[in-house]
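Here's the letter readout for the chains.
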Protein chains: 2
Amino acid sequence: MSKFKIAIVGATGAVGQELIKVLEARNVPISELRPLASARSAGTMVTFNGEPIEVLELTPDSFEGIDYALFSAGGSISKEFCPHAVKAGAVCIDNTSHYRMDPEVPLVVPEVNPEAAKRHKGIIANPNCSTAQMVVALKPIYDAVGIERLVISTYQAVSGAGSDAMHELEEQSRSLLTGGELKPKVFPHPIAFNAIPQIDVFLDNGYTKEEIKMVTETQKIMEDDRIQVTATCVRIPVFIGHSEAINITTCEKISADKVRELMVAAPGVDLRDNPAKSEYPLARDYSGKDDVGIGRIREDISQANGIEMWCVGDNLRKGAALNAVQILELFVL
Amino acid sequence: MSKFKIAIVGATGAVGQELIKVLEARNVPISELRPLASARSAGTMVTFNGEPIEVLELTPDSFEGIDYALFSAGGSISKEFCPHAVKAGAVCIDNTSHYRMDPEVPLVVPEVNPEAAKRHKGIIANPNCSTAQMVVALKPIYDAVGIERLVISTYQAVSGAGSDAMHELEEQSRSLLTGGELKPKVFPHPIAFNAIPQIDVFLDNGYTKEEIKMVTETQKIMEDDRIQVTATCVRIPVFIGHSEAINITTCEKISADKVRELMVAAPGVDLRDNPAKSEYPLARDYSGKDDVGIGRIREDISQANGIEMWCVGDNLRKGAALNAVQILELFVL
């Protein structure tokens, strides 16, 4: 089996660290792992398969000899450095939002549209975390009966905003429990014991960028612009694991039992749906899991053709690192 | 002004304590406050207007001379003791779910259907917390353009499950932050840094009782069974304050600006909707507030006639104690 040279841009961040763990766990055939980061983090060490590797400073020349470059250091870094990587002959798998809606760049969830990856011109985009976990479960329903409209409410973990955000939740919670009050830095409001209905910035239509990502990315990955989508994205005090309440209007009627059957057969989905025993997916149980958890499946009593369900995924895995590595695997396995 | 004799059943519980605070704060004309509780709590003291009052044991004879009895000690207590209170000549205002869907019992939110209260036959029901705060904001929209369908996702505080639940969140959070793990007692799963998509028990159709309460109680309070409703009710690690993402299909089109105008004029509603400054209602800011906070108002991009909004209320106030006292005020002011 061939082995590949892989660069990780943003190797010291929350997703970068998770990328290294996932590459190890899935035994991706790697001859060289090249961790790259800003000058500030260069010189620190990361561990890969038990070996310490020095983090190098990201420069335009960082990609010589690299086969695949996994980017996870923010949109502006991807914008600046993906072209350098492509020029050096690498294929970029980009975790940021920068290229996602670029018509030249495929946006890929391997369980949903693997064939799109093959059409790349040097860059493949990895979707937003909340979209990635959702479409894995929607695809089999779409294929069976079609999807007309989605109303989504999210319950998103702080790790989606990076390591500093996890630290902020921890320190704020600790402070509040001892009668103190820590000012927010990462989030616009205190996140400890609160629910903040804003993720990313606001657009003119009153939606946030995160909410519109769920609309446009879902349509692009499902390759169907007729799917109508609305979302409310909310940050809650959870460290890892996004949860989503998904209300689906299907084109034809489908029973809850049939949806359960589809979920059992769906790649990347773990059906956990036993109300009698209070069994359904929970954020804390899915931290560190690759599969997306689906439960609370029921026929929507408010419309003729509708399904309600609850979807939980590790936002650092399926929502980021795992999906990126799965895209890589489409080429290297 | 006449003064009234008021009994509080469940005076030592989370809602009972809040009832006493709200009665004080709103200067309800009271000549006698009679706190009642189980034998276990009898003999303890509560404070009303600076005076200590002994909690008496609830018995069938507890209601002699009482004008209004506010019940908040669980459905089985209401079932057993409301009839005794009515027999003694008292009007019962019941916070539990026991009588809510009884066709003989009005279910009242004073901003929405005050006239229904006058039709009582001795018992008036107070709605479920998540329904009460929502209908206050829905009524003006319903009156303006009609409502066809609602898709609701809730972010509910632990205090809705009582004082023990608040203690459980506090102790579990503390334990987790110091590397421990406390087993859940009140909730079916750990609530600290988690999201639990189950409130109350499951019904045969896969919905929980809490979710179905939002359906049937909304229809009853709005006095329109044609309003289609679906809900996903979720417990999150917040102490006080329920948040709700509400997706509304209106009968006629309405603009976001017009909804904002309606909210400014609506009794019991506090419009807090300034995305440019990251202003929207937050659970922690609305703890202790009487008004329901509305924000994130936007035209739903997924359907022709739709509005999305975010609704936050103090579940112990508008969701319970305040609404009960407002019902009382319909008679005593």
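1. Things to note about the relation of the copies chain B and chain A
Here comes step 1: Between chain B and chain A, which share one sequence, the superposing operator has a rotation angle of 180° and an axial displacement of 0.0 Å; the RMSD is 0.0 Å. What the superposition gives is, in effect, a two-fold axis relating one chain to the other.
Here comes step 2: Of the residues that chain B buries at the interface, 100% are likewise interface residues in chain A, meaning the two copies contact each other through the same surface.

2. Some words on the interface of chain B and chain A
Here comes step 1: Between chain B and chain A, the residue contacts involve 51 residues of the former and 51 residues of the latter.
Here comes step 2: Broken down by secondary-structure element, the contributors of at least two residues to the side of chain B that touches chain A are β9 (147-155), α5 (163-177), β10 (228-232), β11 (242-250), α8 (283-286), β13 (292-299) and β14 (306-313) of chain B.
Here comes step 3: When grouped by side-chain class, the residues that make up the side of chain B that touches chain A number 28 nonpolar, 15 polar and eight charged.

3. Describing the environment of I123(A)
Here comes step 1: In this structure, I123(A) sits in strand β8 (residues 123-125).
Here comes step 2: With residues near it in sequence (within four places) discarded, I123(A) still touches C82(A), V86(A), C92(A), D94(A), Y99(A) and V105(A).

4. Some words on the confidence of the model for chain A
Here comes step 1: Across chain A, the average pLDDT comes to 97, with 100% of residues at 70 or higher.
Here comes step 2: Both scores are available for the predicted complex, with the pTM at 0.96 and the ipTM at 0.95.

5. Some remarks on the sheet that holds strand β12 (residues 269-271) of chain B
Strand pairs in the sheet, formed through backbone hydrogen bonds, run parallel or antiparallel to each other.
Residue and element names in this part refer to chain B.
Here comes step 1: Ordered by their spatial adjacency, six strands build an open sheet running β10-β9-β11-β14-β13-β12, and the pairing between neighbours is mixed. In the strand order of this sheet, the two ends are held by β10 and β12, each with one partner. Sheet twist, expressed as the mean angle between neighbouring strand axes with direction ignored, is 25°.
Here comes step 2: Across five bridges, the pairing between β13 and β14 is antiparallel. Looking at the pairing, R298 lines up with E308 of β14.
Here comes step 3: Against the sheet, helix α6 (residues 209-222) engages β9 and β10, with an angle of about 155° to β10.
Here comes step 4: Seen against the sheet, helix α7 (residues 256-265) touches β12, β13 and β14 and runs at an angle of roughly 165° to β13.

Scoring rules and cut-offs
- Residues numbered from 1 in each chain as written.
- Chains lettered and ligands numbered in written order.
- Predicted model: local features only at pLDDT ≥ 70, side-chain atom pairs only at ≥ 80, totals over all residues.
- Least-squares fit on C-alpha atoms with pLDDT ≥ 70 in both.
- Contact = placed C-beta atoms within 7 Å.
- Helix = DSSP H or I, 4+ residues; strand = E, 2+ residues; numbered from the N terminus.
- Nonpolar A, V, L, I, M, F, W, Y, C, P; charged D, E, K, R; others polar.
- pLDDT = per-residue confidence, 0-100.
- Pairing = 2+ DSSP bridges.
- Axes fitted to C-alpha atoms, helices over the stretch in contact; angles between N-to-C directions.

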